[in-house]
Amino acid sequence: MNTTEQSARDTVRRVLGEAAHADVTAFPAGNLSISLHSGEHTATIDGDDSSGWGWTVDPGTDDGFTGHEDVAPTLEEALTDVRGKITA
């Protein structure tokens, strides 16, 4: 099953709670881009189920579109890792 915009929002809510806000953009090739806002933190997650999910917490303005240093095989694992960084 491929992650859809709605299932991504549901996973964000389940992992990060109701206080997190997610803007999800789906692209024609099936990959998603997720912008998260939780408290004073932001995170971006990009990817799909076949290639994995790259993520960055509190990206700097000079990072641009340089890619993500952190990756996870599933969206849920990426969100769990993001939660660990924003609650640390």
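Residues numbered from 1 in each chain as written. Predicted model: local features only at pLDDT ≥ 70, side-chain atom pairs only at ≥ 80, totals over all residues. Heavy atoms only, no water.

## Looking at empty space enclosed by the protein
Item 1. Tallied over the full model, the rule gives one cavity of 30 Å³ or more.
Item 2. Empty space within the largest cavity amounts to approximately 40 Å³.
Item 3. Lining the largest cavity, in full, are Leu16, Ala20, Leu36, His37, Ser38, His41, Thr42, Ala43, Val82 and Ile86.
Item 4. Contributions of two or more residues to the lining of the largest cavity are made by strand S2 (32–38), strand S3 (41–48) and helix H2 (75–86).
Item 5. Partitioned by chemical class, the residues of the lining of the largest cavity number six nonpolar, four polar and no charged. (1 Å grid on protein atoms, 1.4 Å probe; cavity = no way out; pocket = protein on both sides within 12 Å on 5 of 7 lines; lining within 4 Å. Points joined across faces, edges and corners; volume = space filled by probe spheres on them. Helix = DSSP H or I, 4+ residues; strand = E, 2+ residues; numbered from the N terminus. Nonpolar A, V, L, I, M, F, W, Y, C, P; charged D, E, K, R; others polar.)

## With respect to the sheet that holds S2
Item 1. The sheet built from five strands is open, its strands ordered S1-S2-S3-S4-S5 with antiparallel pairing. Unpaired on one side and paired on the other, strand S1 (21–26) and strand S5 (70–72) mark the two borders of the sheet. Neighbouring strand axes in the sheet, compared pairwise and without regard to direction, differ in orientation by 20° on average.
Item 2. Packing of helix H1 (residues 5–16) onto the sheet brings it into contact with S1 and S2, and relative to S1 it is tilted by some 155°.
Item 3. Across the sheet, H2 is in contact with S2, S3, strand S4 (52–57) and S5; its angle to S4 comes to roughly 15°. (Pairing = 2+ DSSP bridges. Axes fitted to C-alpha atoms, helices over the stretch in contact; angles between N-to-C directions. Contact = heavy atoms within 4.5 Å.)

## Re the nonpolar core
Item 1. Judged by nonpolar contacts, the single largest core of 21 residues is most densely connected at Leu16, Ile34, Leu36, Ile45, Leu79 and Val82.
Item 2. Sorting the residues of this core by element identifies H1, S1, S2, S3, S4 and H2 as the ones contributing at least two each.
Item 3. In contact with leucine 79, not counting residues within four places along its chain, are Thr11, Val12, Val15, Leu16, Leu36 and Ile45. (Core = buried A, V, L, I, M, F, W, Y, C linked by side-chain atoms within 4.5 Å. Buried < 20%, exposed > 50% of the residue type's maximum accessible area, 1.4 Å probe, protein only.)

## Brief notes about the pattern of salt bridges
Item 1. Following the criterion strictly, the structure yields five salt bridges and no others.
Item 2. A salt bridge links arginine 9 to glutamate 5; its shortest N-O distance comes to 3.7 Å. Residue arginine 9 and its partner glutamate 5 are located together in helix H1, separated by four residues, close to a single helical turn.
Item 3. With a relative accessible area of 27%, arginine 9 lands in the partly exposed category.
Item 4. Salt-bridge contacts for aspartate 70 lead to lysine 85; the nearest nitrogen and oxygen are separated by 3.5 Å. With aspartate 70 in strand S5 and lysine 85 in helix H2, this pair connects stretches of sequence that are 15 residues apart.
Item 5. Taking relative accessible area as the criterion, aspartate 70 reaches 26% and is therefore assigned partly exposed.
Item 6. By relative accessible area, which is 45% here, lysine 85 ends up partly exposed.
Item 7. What emerges from the salt-bridge pattern is a single network uniting Asp10, Arg13 and Glu18. (Salt bridge = Lys/Arg side-chain N within 4 Å of Asp/Glu carboxyl O.)

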